Protein chains: 2
Amino acid sequence: MSKLIANALIAQGGGPTMVINQSLIGAILEAKKFPQIERIYGAHFGVKGVLNEDFIDLTDIDNKKLELVAQTPGAALGSTRDRPDEEYCRKMFEVMKKYNIKYFFYIGGNDSADTCRIVNEEAIKNNYELRTIHIPKTIDNDLLVTDHCPGYGSAAKFVVQAFMGINLDNASLPGVYIGVIMGRHAGFLTAASVLAKQSEADGPHLIYTPEKPFNVHYFVRDVKAFYEKYGRCIVAVSEGIVDEDGTPIVSKLAKQVEADAHGNVQLSGCGILGDLLAETIKSHTGINRVRVDTFGYLQRSFTGCVSEVDAEEAREVGKRAVQYVVGGDVDGSVVITRKGKYNIDYKLVDLTEVAAKTKKMPEEFFASDNMVSKKFIDYLKPLVGELPEIGRL
Amino acid sequence: MSKLIANALIAQGGGPTMVINQSLIGAILEAKKFPQIERIYGAHFGVKGVLNEDFIDLTDIDNKKLELVAQTPGAALGSTRDRPDEEYCRKMFEVMKKYNIKYFFYIGGNDSADTCRIVNEEAIKNNYELRTIHIPKTIDNDLLVTDHCPGYGSAAKFVVQAFMGINLDNASLPGVYIGVIMGRHAGFLTAASVLAKQSEADGPHLIYTPEKPFNVHYFVRDVKAFYEKYGRCIVAVSEGIVDEDGTPIVSKLAKQVEADAHGNVQLSGCGILGDLLAETIKSHTGINRVRVDTFGYLQRSFTGCVSEVDAEEAREVGKRAVQYVVGGDVDGSVVITRKGKYNIDYKLVDLTEVAAKTKKMPEEFFASDNMVSKKFIDYLKPLVGELPEIGRL
């Protein structure tokens, strides 16, 4: 048992999720148990808070308050999209030195894992003793190695409950409905909509993800076919769909694209892709009632729609992160492993295995270019948990 | 006690709500109690189903199944936006005669109330004995006479829970956020977002409704002011906002506008207004991170987000509708009255008082052109009911 006596720092990076604070609180509560961790600091707005010495001392906050934070969406410490370079890290270590911080936990997606990798590599170069753990979260479910990502199950649940209602609404007043779901490179969240489908006639009838090339001609043909069969058609589509050449469909349309510090194009927070797709259907099919919603930020921040399994696992990855670093001189990313029907375990893998890499949906999760497979449904169900029961006449 | 022995017909019109089926099931269960109502028919797709003789016999469906339907969003019978004229009504009466239907319940908004008025007037002209009751529902909360409308509380709850999360998400990654809410002529649903605001610094910071003229210049100025004060700004805006001349802001932008049978312009089901507003902020303020979501159909159909009070009242208006017609030869619209803090009662008013009329938010519900008053909050709170608790560090 290593007895590195020092302070811990925890921060949150990237887009928040509905359970990101479960990981935060899980880590804090666990860290409180170990005497070698003296103070637990939180950095406001991710790594930016380290640079700015913008810390909150979390050590003595009472558990009741922490538990309330755990069940609250949004990043309670604030987040950032900053990715530190060499100079940024050097400054971070100066601040960390000042505060005697030697345990560093960063909750985030693949960009935040990459931040951990950079910080870790720079720490070694700078001879700064630091145990760095990446605690995973992302609604996109696109981290490598791990079976699935904390945050995904709850966002998926929101998407399913939305499509369950949309399916019934659209059955009441038939037409074409297109729902645009978050997901730059991976279609996991869009694909989750399939759980709303309880019969062949239920939507979503078509599911388009970034993994499969999107062809406008086939899209029009397939919507038309379902509309002719059922008098309606419901489509779930990822914001990040691309054509045969890998060009994002939305880039073809958007006059200006905004990129963040990681070079990611802005696909979220506007309705342009949805409106274009709706227009395409209207003009090519003559169908009059075509509606489109871009689910936007609701799917990652809606208050009061959480998968219990997701919440538990998000808590657990936070706890495990602390257990790993008090157990020895390690750095890494916490991943979830699954055995059998739904037996979960956790392990630590090298940061380079996860950092800045994107997992896509494997081929076996597709039944066709526009529908997911039974295997994907089996994969998804335990992550989403209980769903409201639907009654029909 | 009138003993008109005949069959009853029930149908649903207009946009569905999360509790519209509570009213349907409330009416069915109540109608089953009275021997003078022999069969209870449901018309598929509103008045269209009468014309098409597209009926379902609801009399013998077991209560367990009905209860499950009650808690399901969407119009279980299907809906329509058809508004019958003289000829349409004449055909309806032929069908009703064939099925010995003399009790007619129509669940819907002000357009459906107008359908009831027309049907009722034509029935008198045609000497067709019919007791016609309009059972209110609308997420817009814009029916006259009634204190509030079944369907509003649940949609309001969705909007509040969305903005609670959005506020936390936006606090994590600060910027400008614009949420576009349904509401053609009345701002009740948009205004409901105010319950997400627990402190001065919380969003929504600005609320724009159709009742107050929208001025682009002031809009930019006010967003900028909040952004300078808090480093972020959250805006709730009705799809139906108009300028000083009463011209819808969206009409100025949309090249083509689609109108339904009632002459309503399509404001829902596309992201155009939101995208324009976001573009305006970006180009006039230089603020980089501006996000917009158009809440769309989720706010009226999301599965699993219901106000308990709303569900109960929606059930009750259905029951009362039946009680009125078995009690005497009456026609009318069921309205809710409120006394004191929250004492509710129901009464029947003349169809002409409600039909095709729109209630707007009264002046006392506004604190300014872009914020609602304490009086509105007091009005709203009991309708929405319990909200998730939020924790902050």
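As the structure is a prediction and not an experimental result, all values here were calculated from the model.

About the criteria used
Residues numbered from 1 in each chain as written. Chains lettered and ligands numbered in written order. Predicted model: local features only at pLDDT ≥ 70, side-chain atom pairs only at ≥ 80, totals over all residues. Heavy atoms only, no water. Contact = heavy atoms within 4.5 Å. Salt bridge = Lys/Arg side-chain N within 4 Å of Asp/Glu carboxyl O. Polar contact = N/O pair within 3.5 Å; in protein donor to acceptor, adjacent residues only side chain to side chain. Helix = DSSP H or I, 4+ residues; strand = E, 2+ residues; numbered from the N terminus. Nonpolar A, V, L, I, M, F, W, Y, C, P; charged D, E, K, R; others polar. pLDDT = per-residue confidence, 0-100. Buried < 20%, exposed > 50% of the residue type's maximum accessible area, 1.4 Å probe, protein only. Expected span 1.5 Å × (residues − 1).

A. Summary view of the interface of chain A and chain B. Contacts between chain A and chain B engage 69 residues on the former and 69 residues on the latter. For the pair chain A and chain B, the number of links is two salt bridges. Asp169(A) is the salt-bridge partner of Arg300(B), the closest N and O atoms lying 2.7 Å from each other. The interface formed by chain A and chain B contains 20 residue pairs in polar contact (both at pLDDT 80 or more). If you tally residues by element for the side of chain A that touches chain B, the top one is helix α6 (residues 152-172) of chain A, at ten residues. A breakdown of the residues in the side of chain A that touches chain B according to their chemical character gives 34 nonpolar, 22 polar and 13 charged.

B. Inspection of the confidence of the model for chain A at higher detail. All names here are of chain A. Per-residue pLDDT for chain A averages 93, and the proportion of residues at 70 or more is 95%. Of the regions scoring below 50 in pLDDT, residues 255-264 engages in 20 contacts with residues more than four places distant in sequence or in other chains. For this predicted complex, the interface confidence score (ipTM) comes to 0.94, while the overall pTM stands at 0.95.

C. Quick peek at the pattern of salt bridges. The full count for this structure, using the stated rule, is 48 salt bridges over all chains. One salt bridge connects Glu316(A) with Lys319(A), and the closest N-O pair in it is separated by 3.8 Å. Separated by three residues within a single helix, Glu316(A) and Lys319(A) lie in helix α12 (residues 308-327), roughly one turn from each other. Using a relative accessible area of 18% as the deciding quantity, one classes Glu316(A) as buried. Across the pair Glu129(B) and Lys102(B) runs a salt bridge whose closest N-O atoms are separated by 3.9 Å. One end of the pair, Glu129(B), is in the loop between α5 (110-125) and β5 (131-136); the other, Lys102(B), is in strand β4 (residues 101-108), and 27 residues separate them in sequence. Exposure remark for Lys102(B): the relative accessible area of 21% places this residue in the partly exposed category.

D. Structural detail: helix α5 (residues 110-125) of chain A. For α5(A), with 16 residues, the first-to-last C-alpha span of 22 Å sits near the 22 Å given by 1.5 Å per residue. The positive-phi residue at the C-terminal boundary of α5(A) is Asn127(A), with phi of around 60 degrees.

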